Structures are given as C-alpha cells and as structure tokens.
Amino acid sequence: MNHSKKFIRHVLAIAISIALPTVASADAAYDALKQQVEMMQKQLAEMQKALEKQQVKVKEVEANTISRAEAKELEHHVNAASEWKDPNTLIHMSGYADIGYTDAQDEDGSFVVGAFAPIFHFQYKDMFMLESELEFEVEDDGETKVALEYLTIDWFVNDYVALVGGKFLSPLGQFRQNLHPSWINKLASAPPGFGHDGAAPVSEAGLQARGGFPLGNMRANYAVYIGNGPELVTEWNGTDFELDGIDAEGKGADRDGKKAWGGRFGLIPFAGLEFGISAATGKATVTSIEVTAGTAPALANEQARDYDVFGIDAAWQYKSFALRSEYVKSKIGRATTGASASDGGQWKSWYTQASYLFPTTKFEGVTRYTDFDSPQDARDQKQWAFGLNYLFASNVIGKITYELNDGQKGAIADDNRWLVQMAYGF
Amino acid sequence: MKTINNSSKALLATMLTVLAMAFSTTTQADGHAKPGDFTRGANVWRDNCGRCHNIRDARELRDDQWYSTAFHMRMRGGLTGQETRDVIAFLTSSNKPARKPIITDAKAPTASSKASKLSGKAVYNQTCIACHGADGKGTLPGAPDFSSAKGPLSQTDDILVKHVTDGFQSPGSPMAMPAKGGNTALTDADIRAVVKYLRSFSK
C-alpha cells in the first residue's frame, strides 16, 4: 500500500518537473509536450495496472505466509497446548440425563424430568482418581432432590488392584453398578427389584478392592468390599410392626455398629460372555418407621438382624444381539427383641433381557421379563417390558417402552405403563 | 453368627493380603510398566468397550478425556492396568487427525508419498484384524463382511482408500471406522496395499 502511494507521488513529481519549464514554448513544443504527457499518462496507467497486479500477489503471499510475530505466537500456543496435555491432574466431566413422558393405566400421563447426573473425575497421574456423581431429580411436587450417588477416591495400587474408599455403587450384580444409567439401560425403567429400595443393594459406604486379571485363556474380574451396611425400614399398620424394606443406599454412619461385607467375582471365558456371582453378609437394624395407620410406638433396643445377599448374573453378546440375566436375593433375619421385633423377610428378583439392533438401521428392539417377590404382596410384580429404541448415537437414545405389569389387583404394581424417554450420556 | 464372624475375619485377612500384594507389586507407580500398545489396545476395545453399553465412537473424545474415561472404565469393567494403557494407546491414536500440515513445501516428499514398506497383509494383521477379523468377516457389530464382493467392496479402490484414510461411518451404523483404523503411522501406499489385500477375502 505505502509503497505504491510513494511510487505514484514520485512519478507525478518527475512528470511535473519535466512539464513545467516547457509550458511557455511554441505550439510545436506544446504538441510535443502534449504527446509526452499523454505517453507518460499511458505509462503511468500501465504502471498502476502492474502495481495493482503486484498488490494482489502480495496479498496472496501475505495470506499464505506467517510473519515472525505470528510464528512466535503459534509456537507459544503449541507449547501451551502440549503443556495442558500432560498435567499432573486431569479434570474430566461426564454423566447423563434423561427426560420423558409416562402414562400409567390408572394415573394421568405426565411429563417427567428424569434425572441430571453429572460425573466429575479428577485424576492425579495414573495413581489416583476421584470419582463423584451427583444426581438431581425433580420430584412430583416440583422440589428438586440432590443426592451424592457416589464419591470415591480410587488408588491404582498396581495393574491388578485398585483400592476404592468412600461411597460407591454396590458391586453386587450387574444392573446397579453398570446398567442403571439411562443411556445404558435399554428400557426406560429399571427392572422391578433393581431400582431404589428393592432387592438389589444400591450403594455402600466403605472400602473396596477391585480389579481384573488374566486366568489362563480367560479373564476374571473381582470386587471385595466392607462397608457400613444397610438399615431397615419397618411398617406400623396400626396394630403391629412388619418389615417394610431394606434401605441399602450407602449410609454416612454405621448406626448399628455392624459392618457388612461382600463382593462379586466375574469370569469372561471368551469375549462376549460373562458370568458373575455375588454375595454379601452382615447385620442390619431397623432405624425408621413407615406409618400406614395410627401412631407408632417409638423404636427402642432394636436388635441387629442377619443380612444376606446372593446374586448371579450373566451377559452374552453376539454381533448386535445381547442377552442379559440377573438374579438377586436379599434376606433379613427375624428379630426377637426390640420395639419393632418381627419376622424376617426376603426380597428377590430376576430378569432376563434380550435386545437386538437391526443391522444397518438405528432401531433396536428390546424385551425383558422380570419377576419380583417381596414380603409385601402389594409390591410383588411380574413384568413383561417391550421397547423400541432409536439410537441417534451410541450415547443418545430415544426409547419407547411398554410395561405389561401383573401385580396384586388394585395395586400400583398391577398397572400397565407407557414410558417415553430421551436419554443422553455425555 | 459364628460363621459370619469367622468369615468376617477371613475377609479382613483377604483384604490385608490384597493390601500386602498391592504394596509388593508396584508395576505401575514406579514407571516400569509396559507402555500401551496400539494393536493390543484395539483388541481390548473390541472385547470390552461394548460389554456394558453401546460401543462409543473411537473418535468421540479428546485425548485427555479418553485418558480419564479409560481409568473410569478400568474401575467399572475390571480391566488390568496394562489393558488400560493399551486401550488409551488405541483411542489416542484414533484421534490423530489425518490433517494436512499447515505449511507444506511442495518439493519435499511428504511422508505419505513414500512407497509402502509393508505388504497389505502385514498392514491388515497389524492394524485392521482386531475389528475386521482374520477372515475379514468382522468381529464387531457394524463391521462389514469383506468375504463378500458385495457391500463395501463393490466400491472402487479410490473410494475405499478415502474411507479408510478419513474414517467412515455409514448411516445407522452402531460404530464408526476410525481414520486409518486408528493407526496414524500408515502411509497412503500402506492403505492402497491393504485395500488391495481386502479384495483377497472375497476370492
């Protein structure tokens, strides 16, 4: 730019200085001068054209080259980028969320805000990882409930052992620890007995060792834990106490002073097939009352009852066909002393689920059968669930599920349901 | 009651043993562990990453995100430390873009214009076999069957080379094929060679 302006100024100055002394001369001289000027004008125009061309070229070159300053800056960015790539602490966020619509036989259909469950990971080198999942849920009355699903610090001791301390998902079975997030669960609901307050324990506060190792040509994985154990809920029906449920969600304190321990062992004979066996044992005490009629007497001197869990699970995959099955039984012993002394009970459930992703489409069909049996007849449920899913991506899934429920006549457990859900794992 | 007490003791003993084991074998914290390997990692990925949930796209996350995710999945799926390092090697390689360098010198030969040092078969066995199988029939949901001349192999070499180089996902496919099968070290010539080799499955 500057160059060309200067150049034009010079040319004009020269032209004028040549032109001035000859102005007063004769006609001939005038004509000669005119010719000269015209020629010069022509030359000037040509030069301008050439200059313009040159300028376009310069622009092109400018666009395609990097100045020293720019290169310095780039270098800085590159250095900064690789610096960030290799820090001692990595920060990572993932999680899942779902929304939907549910319409049950004897209830009005409603939009449901399922859950927003962000997961935070902070990782110190390849030695420690802090894992934490929060769960936000909007309840029926519009209140938002927040729960700490899990919070652990994992220590990768070596290639085969990791020690986990804190509140963790129960390592028993496969549904609770690995399949419950909505982008993973192929149906819009948990199998009866595997949700919260069912037959399968949800979480535990304690210490866990887990890992995997090769076993000949096979592979094995394991988890062993010791924790505070669950607490029990009893029901007061106006005349006496009856066991209502097991509250097996990681307790912040061990109110009965008795620990529970257990674990799971998984075997993968070959890729695509896995068997698991789980067990836990310990003690559990009644700590809360569900009153259905009258006023309940206060709890006092509650006896620690036997608590035992047993489970088996299996998973088989072949191409886009997957079959899963799981059985779990949680058993509580009887109490003979204490205000809420009553018989024991057992909660058990099993499900089998088959799914098939139709090749070259994004549609997936799912069928699941569940049989849940508890001490309360009104909650027992046999369920057929059918689902059709659309996989926008591996982690973004639209689901339509129909539950054909068979329970006690008149009980909620007997109502069939439609569920529509959109789940996103991020 | 007594049996429970006894088994509690047994468990504590087990835990202590585990701890002792843990302290004695520090294969990883001391930095002497084997580094991750791309091919083993592709196998770990194929065998594990679809066990619990739909297999995710190998190019879906940034390297640092894969790093944390792999450790998270080590915890979930009972992977060994070695399997974790291997799958990280695979996933971070799959991320390397098949991008052109910013400043190119037209005269200098680019890496990819060099002749292939590997045979198509060698490339296949090194990089592609984990997902496409020794028989070319595919080991993953979504991987095509190369034993048939129909399907993807009905396309020209040029198209196949492009799909292998840039990565490829057909509509409705549960999983994408990562660019260069995840192995950024492959040259254009390697890819031409392996595409030729693919055709031998359908003969």
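Residues numbered from 1 in each chain as written. Chains lettered and ligands numbered in written order. Predicted model: local features only at pLDDT ≥ 70, side-chain atom pairs only at ≥ 80, totals over all residues. Heavy atoms only, no water.

Draft legend 1. Quick look at the overall build of chain B. Of regular secondary structure, chain B possesses seven helices and zero strands. Ordered by position in the sequence, the α and β elements of chain B form the string α-α-α-α-α-α-α. Within chain B, buried positions represent 44% of all 203 residues. Put simply, 67% of the contacts in chain B that link residues at least 6 apart link residues at least 24 apart. Of the roughly 10,400 Å² of accessible surface on chain B, a fraction of 61% belongs to carbon and sulfur atoms. (Helix = DSSP H or I, 4+ residues; strand = E, 2+ residues; numbered from the N terminus. Buried < 20%, exposed > 50% of the residue type's maximum accessible area, 1.4 Å probe, protein only. Contact = heavy atoms within 4.5 Å. Areas by Shrake-Rupley, 256 points an atom, 1.4 Å probe, with all protein chains shown as cover.)

Draft legend 2. Layout of the domain arrangement of chain A. Structurally, chain A comprises domain 1 (2-65) and domain 2 (82-425). The gap between the C-alpha centroids of domain 1 of chain A and domain 2 of chain A is 86 Å. (Domains from an automatic or database assignment.)

Draft legend 3. Here's a closer look at the side chain of Thr84(B). Residues and elements named next belong to chain B. Relative to the elements of secondary structure, Thr 84 occurs in helix α4 (residues 81-95). Overall, the relative accessible area of 1% leaves Thr 84 in the buried class. Leaving out residues up to four positions away in the same chain, Thr 84 has contacts with Ala 70, Phe 71, Arg 74 and Leu 79.

Draft legend 4. Seen up close, the interface of chain B and chain A. The partner chain A presents 65 residues to the 51 residues of chain B that form the contact. For the pair chain B and chain A, the number of links is three salt bridges. Here Asp159(A) ties to Arg85(B) by a salt bridge, and the two come within 2.9 Å at their closest N and O atoms. Our enumeration of links across chain B and chain A arrives at 20 residue pairs in polar contact (both at pLDDT 80 or more). Of all the elements in the fold, those that place two or more residues in the side of chain B that touches chain A are α1 (2-24), α2 (38-48), α3 (63-77) and α4 of chain B. Here the side of chain B that touches chain A is composed, by residue class, of 20 nonpolar, 21 polar and ten charged. (Salt bridge = Lys/Arg side-chain N within 4 Å of Asp/Glu carboxyl O. Polar contact = N/O pair within 3.5 Å; in protein donor to acceptor, adjacent residues only side chain to side chain. Nonpolar A, V, L, I, M, F, W, Y, C, P; charged D, E, K, R; others polar.)

Draft legend 5. Expanded view of the pairing of strand β6 (residues 203-215) of chain A. All names here are of chain A. Where strand β5 (residues 162-169) and β6 come together, eight bridges link them in antiparallel fashion. Each residue of the ladder has a partner; that of Gly 166, found in β6, is Gly 206. Pairing between β6 and strand β7 (residues 218-227): ten bridges, direction antiparallel. By the bridge assignment, Gln 208 is partnered in β7 with Tyr 225. Count of turn residues in the β6/β7 antiparallel hairpin: two residues, of which Gly 216 carries a positive phi of about 65 degrees. (Pairing = 2+ DSSP bridges.)

Draft legend 6. Summary view of the domain arrangement of chain B. All names here are of chain B. As far as domains go, chain B holds domain 1 (31-94) and domain 2 (111-202). Here domain 1 and domain 2 have C-alpha centroids that lie 21 Å from each other. Contacts between the two partners involve 14 residues from domain 1 and, on the opposite side, 20 residues from domain 2. Across the domain 1/domain 2 interface, buried area totals approximately 1,100 Å², and carbon plus sulfur atoms make up 64% of it. Broken down residue by residue, the surface that domain 1 buries against domain 2 is led by Phe 38, Arg 46 and Arg 59, which jointly contribute 42%. At the boundary of domain 1 with domain 2, the tally comes to zero salt bridges. Counting the contacts that link domain 1 with domain 2 gives two residue pairs in polar contact (both at pLDDT 80 or more). Those elements that provide at least two residues to the side of domain 1 that touches domain 2 are α2 and α4. For the side of domain 1 that touches domain 2, the leading source of residues is α2, giving six residues. Taken together, the residues that form the side of domain 1 that touches domain 2 break down as six nonpolar, four polar and four charged. (Buried area = accessible area lost by both parts, 1.4 Å probe.)

Draft legend 7. Region of interest: a negative patch on the surface. Taken together, the side chains of Asp103(A), Asp106(A), Glu107(A), Asp108(A), Glu139(A), Asp140(A), Asp141(A) and Glu143(A) make up a negatively charged region of the molecular surface. Following the sequence through the fold, Asp108(A) ends up in the loop between β1 (89-104) and β2 (110-124). (Patch = residues over 30% accessible without salt bridge, like charges linked within 9 Å, V, L, I, M, F, W, Y side chains within 5 Å. Lys, Arg positive; Asp, Glu negative; His and termini not counted. Charge placed at Lys NZ, Arg CZ, Asp CG, Glu CD.)

Draft legend 8. Structural detail: the packing of aromatic side chains. Overall, the coordinates contain 27 aromatic pairs over all chains when judged by the stated rule. Both rings, one in Phe116(A) and one in Phe426(A), keep their centres 6.2 Å apart while their planes meet at 20 degrees; by these two values the pair is stacked. Note that Phe116(A) is positioned in strand β2 and Phe426(A) in the segment after β18 (417-425), a separation of 310 residues in sequence. On the accessibility criterion, Phe426(A) (29% relative accessible area) is partly exposed. Ring centres of Tyr356(A) and Phe358(A) lie 5.3 Å apart, and the angle between their planes is 90 degrees; on these two criteria the pair is classed as edge-to-face. On the basis of relative accessibility, which here comes to 33%, the residue Tyr356(A) falls in the partly exposed class. These aromatic residues form a ring-pair network of at least three members: Phe116(A), Phe136(A), Tyr424(A) and Phe426(A). The residue whose ring lies beneath Arg56(B) is Trp183(A), and the NZ or CZ to ring-centre distance is 4.7 Å. (Phe/Tyr/Trp six-rings, centres within 6.5 Å; stacked < 30°, edge-to-face > 60°. Lys NZ or Arg CZ within 6 Å of the ring centre and 35° of its normal.)

Draft legend 9. Spotlight on unusual backbone geometry. Residue and element names in this part refer to chain A. A positive phi angle, close to 50 degrees, is found at Asn 301, a residue other than glycine. With respect to the helices and strands, the residue Asn 301 is situated in the loop between β11 (273-291) and β12 (305-318). Of note in this structure, Lys 319 is not a glycine but carries a positive phi near 50 degrees. Following the sequence through the fold, Lys 319 ends up in the loop between β12 and β13 (321-332). Exposure remark for Lys 319: the relative accessible area of 38% places this residue in the partly exposed category.

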